[in-house]
Amino acid sequence: MPKLILSMDGLVLKEILLNKERTSIGRKANNDIQIDNLAISGQHAVITCILNDAFLEDQNSTNGTYVNGQPVKKHVLHNNDVVELGKYRLKYLVDATQPGLSPSEMVETSALKPFEMPPTATDVSPPGGLPATGDSGALRTQVLGADALERAAQTAVPGLERIGMLQVLSGANAGRELELVKSLTTLGKPGRQVAVITRRAQGYFITHVEGAVFPTVNGRALDAQAHPLDDHDIIDIAGVKMEFFFRP
C-alpha cells in the first residue's frame, strides 16, 4: 500500500497510509492530513488513489503545491516523489511488495479512431497534465504498464468475465461503442470534467477525477468515492451521454 512520510526541516513527523480513494490535505481540521500552519491553505491539495496509481491535485491553494521543486496543478505521483507544502514535505513511497504496476509505469495508448469526437464533445486526457496522443478531439484510453502493455491488454481481470461496453447516446458520434477491456479508461474533457472507469475483480467503477461539476449516473451526481456501474447505467460527462452495459 502506498504511503506518505510527513516531515519538516528533516524531522519525520508521521507516516500516513494511503488506504482511501481520496485523501485531502490542508490546514482545516476536516482534512485527512491536517497541517496546522498558516502557509497551508484550508483545503490545500487532494490525492486520489485509483488501482495502483495516485493523482495529486492542488486545490487552488494560496502558496501552491510543489513536487520535486516544481509547481504543479495536477501530477501523477511516482515512487520517491516529494510533495512540498510550505516548509513541510510529504514523500510518496510505493510498497515494493505491492502486486501490480506502479504509477511510474503508466503509459497512454494511441487514440481510438472510431471514437473521434468534435471539440465540443467529450475529450479524454490523462489526469496530471500528461500529453495526449492523436487528434485533440479523440476519445482516448489509458492503461498501466510500459513493459506489460500487451499483457495488460490481453489478461482478463480475475473474477470478472463479463466485458463492459460504452455506447455514445448523444452528439455526432451517437451509436459508437467502446469495449472496456483495459484496467483504466479515462473519459471527459480536461479543465471541465474528467472521470475514470476502472475494471476490477468486483466489476466496473467510475470515479470523478477533475472538475468542479461532477459527472452523473442515472441523473445523480457522483461524489468523491468510486461508484459501481450496473448494466444499462446512463453516464453524463462533459455534456455527452453514454450507456454502460455488459457485452452479451
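Here, every reference points to the structure presented above.
Predicted, not measured: the structure shown is a model, and the values here were computed from it. (Residues numbered from 1 in each chain as written. Predicted model: local features only at pLDDT ≥ 70, side-chain atom pairs only at ≥ 80, totals over all residues. Heavy atoms only, no water.)

I'm lost on the environment of Phe-245 in this one. Help?
When you line up the elements, Phe-245 lands in strand β23 (residues 240-246). Once the C-alpha coordinates of Phe-245 and His-232 are considered, the two residues, 13 residues apart in sequence, prove to be 4.8 Å apart. Not counting residues within four places of it along the chain, the set of residues in contact with Phe-245 comprises Ile-163, Gly-164, Met-165, Leu-166, Gln-167, Glu-177, Asp-231 and His-232. (Helix = DSSP H or I, 4+ residues; strand = E, 2+ residues; numbered from the N terminus. Contact = heavy atoms within 4.5 Å.)

When you look at the packing of aromatic side chains in this model, what are you seeing that I'm missing?
Aromatic ring pairs: the centre-centre distance and the angle between the two ring planes describe each pair. All told, the structure shown has 3 aromatic pairs when counted by the stated rule. An angle of 75 degrees between the planes, with centres 5.2 Å apart, marks the rings of Phe-244 and Phe-246 as edge-to-face. The buried category is assigned to Phe-246, whose relative accessible area is 12%. Joined through ring pairs, the aromatic side chains of Tyr-204, Phe-244 and Phe-246 make up one cluster. Here the guanidinium or amino end of Arg-162 rests over the ring plane of Phe-246, the centre of that ring lying 3.8 Å away. (Phe/Tyr/Trp six-rings, centres within 6.5 Å; stacked < 30°, edge-to-face > 60°. Buried < 20%, exposed > 50% of the residue type's maximum accessible area, 1.4 Å probe, protein only. Lys NZ or Arg CZ within 6 Å of the ring centre and 35° of its normal.)

What is the right way to look at the sheet that holds strand β3 (residues 22-26) in this model?
One key point about sheets: their strands pair by backbone hydrogen bonds, in either a parallel or an antiparallel sense. One open sheet holds the 5 strands; their spatial order is β4-β3-β5-β6-β9, and the pairing between them is mixed. The sheet is open, and its two edges are formed by β4 (33-34) and β9 (74-76), each paired on a single side. As defined by bridge partners, β3 adjoins β4 across 2 bridges and the pair is classed as parallel. Each residue of the ladder has a partner; that of Gly-26, found in β4, is Gln-34. (Pairing = 2+ DSSP bridges.)

Explain the sheet that holds strand β2 (residues 11-17) here, please?
Taking strand neighbours across the sheet as the criterion, the 6 strands line up as β2-β1-β11-β10-β7-β8 in an open arrangement whose pairing is antiparallel. On the outer flanks of this sheet lie β2 and β8 (70-72), each paired with one strand and no other. The sheet shows a mean angle of 30 degrees between the axes of neighbouring strands, taken without regard to direction. Relative to strand β11 (residues 88-93), strand β1 (residues 3-8) runs antiparallel, the two being bridged by 6 bridges. In the strand pairing of β11, Ser-7 is matched with Arg-89. (Axes fitted to C-alpha atoms, helices over the stretch in contact; angles between N-to-C directions.)

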